[in-house]
Amino acid sequence: MKAFESVPKETGITAERFHAEYLRAERPVLMAGASAARACELWSPEYFRRIAPDLEVPIKEYGRAGIRQSKMTLKAYADFLREHERAPRPAGEALPYCHDIPIFALLPQLVEDVRPFPAGLLSSYYQRTWWRYVQFFMGPAQSLTPLHFDTLLTHNLFFQVYGKKRFTIYAPDDATYCGRRGWRWFEHDPEQPDYRRLPYSRHATPHEVVVGPGDILYLPPGTLHHVRGLGTSISFNIDFHTRRSALRSLLGPLRGMPRESFYYNALATLGIVARVPEEWVFRYYKPYLRYVV
């Protein structure tokens, strides 16, 4: 796949046209205002503090030494977000980030907040029980996820609910230029590029996309993305496979994919290609929603 020419902004796109022009072609797109869910009106840190103050959630801090994990209650985390808005921490300091949480498994009542849900954007295998595959994010202004791609080489639908985030994305072929570290992380920093240390990163083609409440961003498999919170932010995403991406992901170990990632891809392939019932597959797949690599 060559560099992306652009990231189009679409308004009022149908699921049929999304599949025909973007999903099958593996082209990124920003679908502005495509999610009419009540969550865009309801969700805020204070909302989560009110409905589940004692729920303990995993927290990540991304630093040069890697990912540090801890836990906080939603009450304590909402208090942190309020304090951070009042007195932000110095730029560059690692910030606690409520990240990659299967929120609807923990708080099933929240499913009603995101209806009507555009499940038709997903491949058919995921449409009936889409809520099972959701990963939730809540973070402060200046929260950062460094440059990476999604570990299973899945398609990614990213739903912004509250606040804004800035994505800087690169086509999969640009991974060659970005200083790969391990399987899916990269040394290149789009905000502060170091062309002396990574001279080939000049050849990578960045595209900046700002997502706001109600927007849905589609990222094709293997898309590199760097994500910066532009304010306090709440969002969620769904990683999903098509038949084509599932079969292709099984070749991942030839490129260094970890054993655990191959395992989850093999499970998805059993469901999508071999038509093993989704209920059986998900029983073994669901630990992926908390998987860190």
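Residues numbered from 1 in each chain as written. Predicted model: local features only at pLDDT ≥ 70, side-chain atom pairs only at ≥ 80, totals over all residues. Heavy atoms only, no water.

If you look the protein chain up in an unreviewed UniProt entry, it shows as Cupin-like domain-containing protein from Pendulispora brunnea.

Trainee: Explain the environment of E279 residue by residue, including any values.
Mentor: With respect to the helices, strands and loops of the structure, E279 is situated in helix α9 (residues 278–285). When the C-alpha atoms of E279 and T129 are compared, they prove to be 9.3 Å apart, with 150 residues separating the residues in sequence. Excluding its chain neighbours within four sequence positions, the residues that come into contact with E279 are R128 and R132. (Helix = DSSP H or I, 4+ residues; strand = E, 2+ residues; numbered from the N terminus. Contact = heavy atoms within 4.5 Å.)

Trainee: For α9, give the residues involved together with the corresponding values.
Mentor: Listing the buried residues of α9 in full gives E278, V281, F282 and Y285. The buried residues of α9 all sit within an arc of 100° when viewed along its axis, so they share a single face. Buried positions along α9 lie against α6 (124–127) and α8 (259–272). (Buried < 20%, exposed > 50% of the residue type's maximum accessible area, 1.4 Å probe, protein only. Arc of directions from axis to C-beta.)

Trainee: Explain the side chain of S249 to me, using residue names and the numbers behind them.
Mentor: Relative to the helices and strands, S249 resides in helix α7 (residues 243–249). Taking the relative accessible area as the measure of exposure, S249 reaches 1% and is therefore buried. If sequence neighbours within four positions are ignored, S249 has contacts with L152, H241, M257 and N265.

Trainee: Go over the nonpolar core, please, and point to the residues and values.
Mentor: In this structure, F18, W43, F48, W130 and L157 are the most contacted members of the largest nonpolar core, which totals 74 residues. Counting residues in hydrophobic clusters, the runner-up holds eleven residues, among them A175, F186, A204 and L224. (Core = buried A, V, L, I, M, F, W, Y, C linked by side-chain atoms within 4.5 Å.)

Trainee: So, the pattern of salt bridges: which residues are in play, and what are the values?
Mentor: Under the counting rule described, the total for this entry stands at 20 salt bridges. Residue E191 is joined to R166 by a salt bridge in which the shortest nitrogen-to-oxygen separation is 2.6 Å. In this pair, E191 sits in the loop between β11 (185–186) and β12 (207–211) while R166 sits in strand β9 (residues 165–170), placing the two residues 25 residues apart along the sequence. By relative accessible area, which is 30% here, E191 ends up partly exposed. Among the ionic contacts, a cluster of salt bridges with common partners joins E46, R49, K75, D79 and R82. (Salt bridge = Lys/Arg side-chain N within 4 Å of Asp/Glu carboxyl O.)

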